[in-house]
Amino acid sequence: MSLGLEGRKALVTGGTRGIGLAITRALRARGAAVIAVSNAEDQVTAVRAAFADDEGLSVELADVRDRSALEALRDRVGELDILVPNAGINIRGKAVDLDDAHLRDMIDTNLYGVFVTCQVFGPALFEREHSRVVVTSSAVAIHGMDVRAAYTATKAGLSGLVRSLAIEWGPHGVTVNAVGPGIIRTPLTQAYIDQFPERATATVENTPLRRLGTPEDVADVVAFLASEDARFITGQTVFVDGGITAGSAWW
Ligand code: NDP
């Protein structure tokens, strides 16, 4: 086993809240220096304060929809071993009703934002040995869902992206994978759970492992994919969903 990440430098987008914050913590706990990135000033301030004593963690303000902001960040960050494009949003609505602003925001954040993050930081990864990209996709990449057609399309796109980048970047020694979380209790989902507790109950009943996920369930798998132990895995989406994508006992 060689899950330690000492001497490695990682960048996590959306790294100040929810799954991304758990990834930040998991990579730090294994010894990597981490740059957590968010577009939310209040989160940047709060996480900076919470980790004020930790020299291995820096928190940066940048919007993943903004290529020039990411390029400026890259110029400040320098060399990089582990890239975790995790920032994502989910706006629910029937496909025919989803307005253009929300549709574009989801595509810009979840798909364009991840693509551009990979474009901008990819060359820095090529300079290092055994570099890693771990994208946050979703169980909905392969599991359709009501009122989430656009979100589903962006996440399916990410699983396609990691397959193709794995082919392009493998010769540079970079592995490119995704995690596909199921229903994870985070600020993104908590309001929905509070609004529709019966749906959370139904989800648990339809999840083979009979619970919702935690951000740490996902973060530990990201840390594994970022480690030397995952050296021969690339182009994959690893579902961290308690078995939701395996199917359910509906018959
Ligand atoms: P949260 O909303 O709790 O955290 C997402 C973080 O990303 C926030 O800090 C958010 O900031 C930030 N972010 C959003 N847009 C941008 C942007 N344009 N630039 C920079 N940062 C941004 O979500 P989760 O932790 O739940 O989700 C993390 C990832 O996991 C997402 O990609 C999501 O799609 C995916 N996922 C989540 C699941 C779940 O059940 N929670 C299931 C499957 C996948 P701000 O607060 O300003 O929006």
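Residues numbered from 1 in each chain as written. Predicted model: local features only at pLDDT ≥ 70, side-chain atom pairs only at ≥ 80, totals over all residues. Heavy atoms only, no water.

Examined against the element boundaries, Lys-155 turns out to sit in helix α5 (residues 149–169). At 13 Å, Asp-105 is the nearest oppositely charged side chain to Lys-155, a buried residue that forms no salt bridge. Contact partners of Lys-155, with chain neighbours within four places excluded, come to Asn-110, Thr-136, Ser-137, Ser-138, Val-140 and Ala-141. (Helix = DSSP H or I, 4+ residues; strand = E, 2+ residues; numbered from the N terminus. Buried < 20%, exposed > 50% of the residue type's maximum accessible area, 1.4 Å probe, protein only. Lys, Arg positive; Asp, Glu negative; His and termini not counted. Salt bridge = Lys/Arg side-chain N within 4 Å of Asp/Glu carboxyl O. Contact = heavy atoms within 4.5 Å.)

Inspection of the region around the ligand gives 31 residues, with Arg-17, Gln-43, Asn-86, Tyr-151 and Thr-186 positioned closest. Here Ile-19 contributes a backbone N or O atom positioned 2.8 Å from an oxygen atom of the ligand. Note that an oxygen atom of the ligand is positioned 2.8 Å from one of the backbone N or O atoms of Ile-184. Protein chains bury 92% of the 890 Å² of accessible surface belonging to the ligand in isolation. Taken together, the residues of the shell around the ligand sort by class into 12 nonpolar, 15 polar and 4 charged. (Near = heavy atom within 4 Å. Polar contact = N/O pair within 3.5 Å; in protein donor to acceptor, adjacent residues only side chain to side chain. Areas by Shrake-Rupley, 256 points an atom, 1.4 Å probe, with all protein chains shown as cover. Nonpolar A, V, L, I, M, F, W, Y, C, P; charged D, E, K, R; others polar.)

This brings us to the pattern of salt bridges. One pass over the full model with this rule turns up 13 salt bridges. Here Arg-128 and Asp-81 are joined by a salt bridge, their closest N and O atoms 2.7 Å apart. Of the two residues, Arg-128 sits in the loop between α4 (100–126) and β5 (132–136) while Asp-81 sits in the loop between α3 (67–77) and β4 (82–84), which places them 47 residues apart along the sequence. By relative accessible area, Arg-128 is classed as partly exposed at 24%. Salt-bridge contacts for Lys-94 lead to Asp-146; the nearest nitrogen and oxygen are separated by 2.7 Å. Here Lys-94, found in the loop between β4 and α4, pairs with Asp-146, found in the loop between β5 and α5; they are 52 residues apart in sequence, far enough to count as distant. Members of the salt-bridge network, linked through shared partners, are Arg-8, Glu-79, Asp-81 and Arg-128.

With respect to the helices, strands and loops of the structure, Thr-201 is situated in helix α7 (residues 197–205). When the C-alpha atoms of Thr-201 and Gly-144 are compared, they prove to be 19 Å apart, with 57 residues separating the residues in sequence.

Position of Thr-175 among the secondary structure elements: in strand β6 (residues 175–181). Setting aside its immediate chain neighbours within four residues, Thr-175 contacts Ser-131, Arg-132, Val-133, Leu-225, Arg-231, Ile-233 and Thr-234.

Another point: the packing of helix α6 (residues 187–195) against α7. In contact at an axis separation of 5 Å, α6 and α7 are set at 105° when each is read in the N-to-C sense. Classed by the angle they form, the pair α6 and α7 counts as roughly perpendicular. For the pair formed by α6 and α7, the contact residues are Tyr-192, Ile-193, Asp-194 and Gln-195 on the first element and Pro-197, Arg-199 and Ala-200 on the second. Its residues placed into classes, the contact of α6 with α7 shows 4 nonpolar, 1 polar and 2 charged. (Axes fitted to C-alpha atoms, helices over the stretch in contact; angles between N-to-C directions. Parallel < 35°, antiparallel > 145°, perpendicular 65-115°, else oblique.)

Counted residue by residue, strand β2 (residues 33–38) has 5 buried out of 6 residues, so it is predominantly covered. As paired strands, strand β1 (residues 9–13) and β2 are joined by 5 bridges and run parallel to one another. If you follow Leu-11 over to β2, its bridge partner there is Ile-35. Following the backbone out of β1, through helix α1 (residues 18–29) and into the adjacent parallel β2, one traces a crossover that is right-handed. Pairing geometry for β2 and strand β3 (residues 57–61), over 5 bridges, is parallel. When the bridges of β3 are listed, Ser-38 appears paired with Leu-61. (Pairing = 2+ DSSP bridges. Right-handed = clockwise from strand over helix to strand, strands pointing away.)

It is worth spelling out the sheet that holds β1 at this point. Two orientations exist for strands paired in a sheet by backbone hydrogen bonds: parallel and antiparallel. In spatial order, the strands read β3-β2-β1-β4-β5-β6-β7; together these 7 strands make up an open sheet with parallel pairing. Bordering the open sheet on either side are β3 and β7 (237–240), each of which pairs with just one other strand. Between one strand axis and the next, the sheet turns by 20° as a mean value, whatever way the strands run. Summarising the sheet, β4 and β5 pair through 2 bridges and their orientation is parallel. Within the sheet, the bridge partner assigned to Ile-82 lies in β5 and is Arg-132. The sheet contacts of α3 involve β1, β2 and β3, and relative to β1 the element is tilted by about 160°. On the sheet, α5 packs against β5, β6 and β7 and is oriented at approximately 160° with respect to β6.

Such coordinate-based values are descriptive only and should not be taken to indicate function.
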